[in-house]
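These are the residues of each chain, in order.
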Protein chains: 2
Amino acid sequence: MPHITSVEVIDVRFPTSLTQDGSDAMNQDGDYSAAYVVLHTDDPELTGYGFTFTIGRGNDLCVAAAAQRAEPLIGRDVDVLCGDLGGIYRELQSDSQLRWLGPDKGVVHLALAAVMNALWDLAARRAGVPLWRLLTEMSPEQLVQAADLRYLTDVLTPDQAVTLLTRQEAGRHQRIAELRASGYPCYTTSAGWLGYSDAKLRGLCEKAVAAGYRHVKLKVGANLADDIRRCGIAREVLGPDGHLMIDANQVWDVPQAIEWVKALAEFEPLWIEEPTSPDDILGHAAIRKAVAPIGVATGEHGMNRVLFKQMFQAGAIDYCQLDAARLGSVNEVLAVYLLAAWFDVPVCPHAGGVGLCELVQHLAIFDYVAVSGSLDGRVTEYVDHLHEHFVDPCVIRDGAYVLPTAPGYSAEMHRKSFQTYQFPDGAYWTSLAAADRLP
Amino acid sequence: MPHITSVEVIDVRFPTSLTQDGSDAMNQDGDYSAAYVVLHTDDPELTGYGFTFTIGRGNDLCVAAAAQRAEPLIGRDVDVLCGDLGGIYRELQSDSQLRWLGPDKGVVHLALAAVMNALWDLAARRAGVPLWRLLTEMSPEQLVQAADLRYLTDVLTPDQAVTLLTRQEAGRHQRIAELRASGYPCYTTSAGWLGYSDAKLRGLCEKAVAAGYRHVKLKVGANLADDIRRCGIAREVLGPDGHLMIDANQVWDVPQAIEWVKALAEFEPLWIEEPTSPDDILGHAAIRKAVAPIGVATGEHGMNRVLFKQMFQAGAIDYCQLDAARLGSVNEVLAVYLLAAWFDVPVCPHAGGVGLCELVQHLAIFDYVAVSGSLDGRVTEYVDHLHEHFVDPCVIRDGAYVLPTAPGYSAEMHRKSFQTYQFPDGAYWTSLAAADRLP
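Residues numbered from 1 in each chain as written. Chains lettered and ligands numbered in written order. Predicted model: local features only at pLDDT ≥ 70, side-chain atom pairs only at ≥ 80, totals over all residues. Heavy atoms only, no water.

Peer 1: Describe the UniProt feature "domain: Mandelate racemase/muconate lactonizing enzyme C-terminal" (unreviewed entry) in chain A, listing the residues and the values that go with them.
Peer 2: The UniProt record annotates "domain: Mandelate racemase/muconate lactonizing enzyme C-terminal" (unreviewed entry) at residues 198-294 of chain A. Counted over residues 198-294 of chain A, helix gives 51% and strand 13%. Its end C-alpha atoms are 24 Å apart. (UniProt positions renumbered as here; feature names shortened; annotations may be inferred. Helix = DSSP H or I, 4+ residues; strand = E, 2+ residues; numbered from the N terminus.)

See the structure below:
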């Protein structure tokens, strides 16, 4: 009966702003960062790792919030916690004083995600299985008990959720075998950052196609003439059958989004991602209606399940891009997958950043095996950044995620990595500060 | 030409949980708190004061975030800042790294509110007028320039906003004279906290009626039998012509909200406040349709202007209860008032907490004088708590806010108050800690 003995929360920041990796029309200079949580137990073989993702300043706020969120875990029995991951989620979430600062959004929610991600990682390690397997071995009732369905019962009751999951129970083993053979399909965003030159863009698109990708995503929204030229390059490299996605990172108001996307329609994008405020459900619905057959995608800033519920109710999106470190961990992610399946909207999780690819591979696999049972219209983001810092990095083969096999949620970083890039005291940042070269 | 020389941000917490003041079905034990910002200038006569409001734990997160938000102000020319309050708001708001943690919601947005509230206070002090007067002396163009209309232009363009404000320009002086005579109408929540006994509830309702109030608000949602009994007491004291409001503080899912409110319909509540998740626009619309003619009110947790835009678009609410310390200060509050007037929805600001009454009186007066030009259906919350800590506390006469006359946004606290209640190092908290009596 191991117990949680202590919690480490570490401010890890990578200097991505120096290379413009990750640059887009809204975020020109992000330093990809993680508020990284380590749950220690009195069993030296059993530790949980989790994080939320930020882009630099303010990562310290998530670290401080995660330390507060995790406090009630200290001294608790790991078997009890792992036996009721819905219960402990609800306990942490319902701290009414912290709730006031959201509810279920912003820094306190990102912090809840970091802590509960670590607890799910711990649960999978304790069971000796990768997280996707832990989830696919849970019964429909257990999954629904773990899912956060609060405020959703007007569209999906717990009983309906059980029915939905039960429908897919029979085929679970077969679908796992399929994914073992072919992997879970992904697309790459590494080619299209806004700060890259045309030559670099073309080279990266060519490299992506050569590596087996059928989808490529470009950042747009800063300058229309540039966007037309860059989309032309990408479409030329992809050929008429490849899928081009475009991503505006929220820079437009609704009328401008419609106008701009129509001006890029000749390049036949599969979707426009984040055309406007991530909070604007009715705005996305209006854009979707106006730019069809171009699809509308959003979700990386989708703050919680209540937002996604309404996105589905309003018919606002064609693709749901939930984020594994912004939603309140697996508990809330489960709810959004259930809603998406209920409304028959494909989930194509947001990834990239720090370690998000490592997390979402588990979720996408679980969705196919146990929730939607479908790969139609589904493709998970992949960005070729920072994987070297993870102990069990995701593996891509022929444009698909290979099923992870190590126990856990693939969230553990190398100690050397997080010590080097700890902010502001790690070796990397102190040497930059000494040279007066801090970004 | 004074400059901002330094920023103090102080964690002030009042021990309200000890008396159950502020208790409701969601928040049983809040310690009313403020992340309190003081902007110092090199003119010793000129200082700006502002804050955001929280209920205890996590106030430190807002303090840390406000310090980061305010950093770009240091060294800046006060005349330049006050000459373009829209510009500096947009500059602070668009820090892309902090934006990632929202956007426009949660801790980083509360912190933006605290800092910009202090800057508006500074601007009004510099002009030697109360904030409501500073605002009512701005031209329609100046107001629209200061307002945050980003993501709103699909329903309200800057030109339309100017037209709307211009319509009310002629009557401004007359309406100020009216409010000087009668004050701005308010209602009281002090009577109905959930933790109070029936006897205390009855006594407080009687006291409220005797003091001239025509509206009383009760907390509901913990236990239906209790609610029926308590509403009966309040209705009996108020008589058939008084207005009873009920407030569930988000405890229900949509179907439960509808059922519970219908069970209280016999007491003819004017509105049901916060029946469900504050993010659920379509849920509020469904509840409103089901419980009419009982009105639906929400907004104290309304995270930003994009949420309110959709509340209005969806016909989801009868009363808009914006919060002066949760929205991004006057800049975003202006946008919500403009939207509300455009959709003809009355704004009845949320107040109470720490100093919210002091702030919202200015906003309500401004709305009547310059935006809506109407008092129909409008009544501003008043809670009789913690005013003694403010240098220029609001004054209530015959159930109405008396027009403030001192320069500023009424946001300044007595130094002795914030020093005593500073957490955890103020005299109050250290003595509680010494006696091992921390809540």
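Peer 1: Describe the state of the cysteines, naming the residues involved and giving the relevant values.
Peer 2: Residues and elements named next belong to chain A. Under the definition given, this model contains 0 disulfides over all chains. Residue cysteine 394 stays outside any disulfide, its sulfur separated by 5.0 Å from that of cysteine 357, the closest cysteine. Note on cysteine 394: relative accessible area 9%, which makes it buried. (Disulfide = S-S within 2.5 Å. Buried < 20%, exposed > 50% of the residue type's maximum accessible area, 1.4 Å probe, protein only.)

Peer 1: Quick one: what's the story with the packing of helix α14 (residues 305-313) of chain A against helix α15 (residues 329-343) of chain A, residue by residue and with numbers?
Peer 2: All names here are of chain A. Orientation of α14 relative to α15, taken along the N-to-C sense of each, is 5°, at an axis distance of 10 Å. By the angle between their axes, α14 is roughly parallel relative to α15. Packed against α14, whose contacting residues are Arg305, Phe308, Lys309, Phe312 and Gln313, the element α15 presents Glu332, Val336, Leu339, Ala340 and Phe343 at the interface. Taken together, the residues that form the contact of α14 with α15 break down as 6 nonpolar, 1 polar and 3 charged. (Axes fitted to C-alpha atoms, helices over the stretch in contact; angles between N-to-C directions. Parallel < 35°, antiparallel > 145°, perpendicular 65-115°, else oblique. Contact = heavy atoms within 4.5 Å. Nonpolar A, V, L, I, M, F, W, Y, C, P; charged D, E, K, R; others polar.)

Peer 1: For the pairing of strand β3 (residues 47-54) of chain A, give the residues involved together with the corresponding values.
Peer 2: Two faces belong to every sheet, and in a regular strand the side chains alternate between them. Residue and element names in this part refer to chain A. A large share of β3 lies buried, amounting to 8 of its 8 residues. The side-chain alternation of β3 yields two buried faces, one formed by Thr47, Tyr49, Phe51 and Phe53 and the other by Gly48, Gly50, Thr52 and Thr54. In this structure, strand β2 (residues 33-41) lies alongside β3, joined through 8 bridges in antiparallel fashion. Bridged to tyrosine 36 within β3 is phenylalanine 51. What sits between β2 and β3 in their antiparallel hairpin is a turn of 5 residues. (Pairing = 2+ DSSP bridges.)

Peer 1: Please give an account of the side chain of B:Thr276 that cites residues and values.
Peer 2: Residue placement: B:Thr276 occurs in the loop between β7 (271-273) and α13 (281-291). Of the polar contacts made by the side chain of B:Thr276, one reaches the backbone oxygen of B:Trp252; its length is 2.7 Å. Once you skip the residues sitting within four places of it in the chain, B:Thr276 turns out to touch A:Tyr151, B:Gln250, B:Trp252, B:Asp253, B:Val254, B:His284 and B:Ile287. (Polar contact = N/O pair within 3.5 Å; in protein donor to acceptor, adjacent residues only side chain to side chain.)

Peer 1: Before we move on, could you go through the layout of surface pockets and cite the residues and values that matter?
Peer 2: Estimates place the volume of the largest pocket at around 460 Å³. Looking at the lining of the largest pocket residue by residue, the class counts come to 7 nonpolar, 5 polar and 9 charged. (1 Å grid on protein atoms, 1.4 Å probe; cavity = no way out; pocket = protein on both sides within 12 Å on 5 of 7 lines; lining within 4 Å. Points joined across faces, edges and corners; volume = space filled by probe spheres on them.)

Peer 1: So what's going on with the packing of aromatic side chains? Residues and values would help.
Peer 2: Across all of its chains, the model carries 28 aromatic pairs over all chains by this definition. Ring plane angle 90° and centroid distance 5.1 Å describe the contact between A:Tyr428 and A:Trp429, whose orientation is recorded as edge-to-face. By the burial criterion, A:Tyr428 is buried, and A:Trp429 matches it. Pairing B:Trp252 with B:Trp260 gives two aromatic rings, centres 5.3 Å apart and planes at 35°, and the pair type is tilted. No difference in accessibility class separates B:Trp252 from B:Trp260, as the two residues are buried. Its guanidinium or amino end placed over the ring of A:Tyr196, A:Lys200 lies 4.0 Å from that ring's centre, counting from NZ or CZ. (Phe/Tyr/Trp six-rings, centres within 6.5 Å; stacked < 30°, edge-to-face > 60°. Lys NZ or Arg CZ within 6 Å of the ring centre and 35° of its normal.)

Peer 1: Account for helix α3 (residues 85-93) of chain B, with residues named and values stated.
Peer 2: Among the residues of α3(B), those classed as buried are B:Leu85, B:Gly86, B:Ile88, B:Tyr89, B:Leu92 and B:Gln93. One side of α3(B) carries all its buried residues, which in axial view fall inside an arc of 170°. (Arc of directions from axis to C-beta.)

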